[in-house]
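# Close look at the chain arrangement
Listed here are the chains, written in short residue letters.
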Amino acid sequence: QVRLWQSGGGLVQPGGSLRLSCAASGFTFSTYAMNWYRQAPGKERELVATISGDGGSTIYADAVKGRFTISRDNAESTVDLQMNSLTPEDAAKYYCNTKNVVTAIHTYLEVWGQGTLVTVSS
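So, here's what we can say about the structure. Predicted model only: the values in this text are computed from it and were never measured.

To continue, consider the overall build of the protein. Counting secondary structure elements, the protein contains zero helices and 11 strands. Taken from N to C terminus, the helices and strands of the protein fall in the order β-β-β-β-β-β-β-β-β-β-β. Principal-axis analysis of the C-alpha atoms places the extent of the protein at approximately 50 × 30 × 20 Å. Taking all 122 residues of the protein together, the buried fraction comes to 42%. Summed over its atoms, the accessible surface of the protein is roughly 6400 Å², and 50% of this surface lies on carbon and sulfur atoms.

Pasting the structure below:
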């Protein structure tokens, strides 16, 4: 079964740091780029960061450049998002994602983690 399972998140003070993790199963992890999205209340879901399958290329939203780092461990089938210098504007539910996963029995256009809440407040 293709699955993404997230951990991490929680409450942090402004200026603090958090690390989100996402563990993948059911597909050849290293083949697929991985994404982190976030959605704040009343706002659309937005792409935060993307990492290529081999980890050699990353892309960040302007709002998080220089503060967030996406990384992956293909041996462990995990992708992380290190978030530093957090502000209240970063508060949202964060989602791990990958796209167009092909297995022997099915093609999954979108695969989402369950979401992790990040709250930034003093």
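With that settled, consider the packing of aromatic side chains. Tallied over the full model, the rule gives four aromatic pairs. Between Phe27 and Phe29, the ring centres sit 6.3 Å apart and the planes meet at 50°, which makes this aromatic pair tilted. When its relative accessible area of 13% is taken as the criterion, Phe27 is described as buried. Each ring, one from Phe27 and one from Tyr32, has its centre 5.6 Å from the other, and the planes form 75°; the classification is edge-to-face. In this structure Tyr32 comes out as buried when scored by relative accessible area, which is 12%. In this structure an aromatic cluster arises from ring pairing among Phe27, Phe29 and Tyr32. Geometry around Tyr95 places Arg45 over its ring, the cationic atom sitting 3.9 Å from the centre.

Turning to the side chain of Arg38, a few remarks are in order. With respect to the helices, strands and loops of the structure, Arg38 is situated in strand β4 (residues 34-39). For Arg38, the side chain forms a polar contact with the side chain of Asp90, separated by 2.9 Å. There is a polar contact of 3.0 Å between the side chain of Arg38 and the side chain of Tyr94. Contacts of Arg38, omitting those with residues within four sequence positions, involve Glu44, Arg45, Glu46, Val48, Ala63, Val64, Phe68, Glu89, Asp90, Ala92, Lys93 and Tyr94.

To continue, consider the pattern of salt bridges. Within the structure shown, the criterion is met by six salt bridges. As a salt-bridge pair, Arg67 and Asp90 come within 2.7 Å of each other at their nearest N and O atoms. With Arg67 in the loop between β6 (58-60) and β7 (68-73) and Asp90 in the loop between β8 (78-83) and β9 (92-102), this residue pair connects regions lying 23 residues apart in the sequence. Of the two residues, Arg67 and Asp90, neither departs from the other in class, the shared state being buried. One network of salt bridges, with partners in common, ties together Arg38, Glu46, Arg67 and Asp90.

What the four strands build is an open sheet, ordered β1-β3-β8-β7; its pairing is antiparallel. Pairing within the sheet leaves two strands with one partner each, and these edge strands are β1 (3-8) and β7. For this sheet, the mean angle separating the axes of adjacent strands, direction not counted, is 15°. Where strand β3 (residues 18-25) lies against β8, six bridges are found, and the strand directions are antiparallel. Directly across from Arg19, in β8, lies its bridge partner Gln82.

Calculation notes
Residues numbered from 1 in each chain as written. Predicted model: local features only at pLDDT ≥ 70, side-chain atom pairs only at ≥ 80, totals over all residues. Heavy atoms only, no water. Helix = DSSP H or I, 4+ residues; strand = E, 2+ residues; numbered from the N terminus. Buried < 20%, exposed > 50% of the residue type's maximum accessible area, 1.4 Å probe, protein only. Areas by Shrake-Rupley, 256 points an atom, 1.4 Å probe, with all protein chains shown as cover. Phe/Tyr/Trp six-rings, centres within 6.5 Å; stacked < 30°, edge-to-face > 60°. Lys NZ or Arg CZ within 6 Å of the ring centre and 35° of its normal. Polar contact = N/O pair within 3.5 Å; in protein donor to acceptor, adjacent residues only side chain to side chain. Contact = heavy atoms within 4.5 Å. Salt bridge = Lys/Arg side-chain N within 4 Å of Asp/Glu carboxyl O. Pairing = 2+ DSSP bridges. Axes fitted to C-alpha atoms, helices over the stretch in contact; angles between N-to-C directions.

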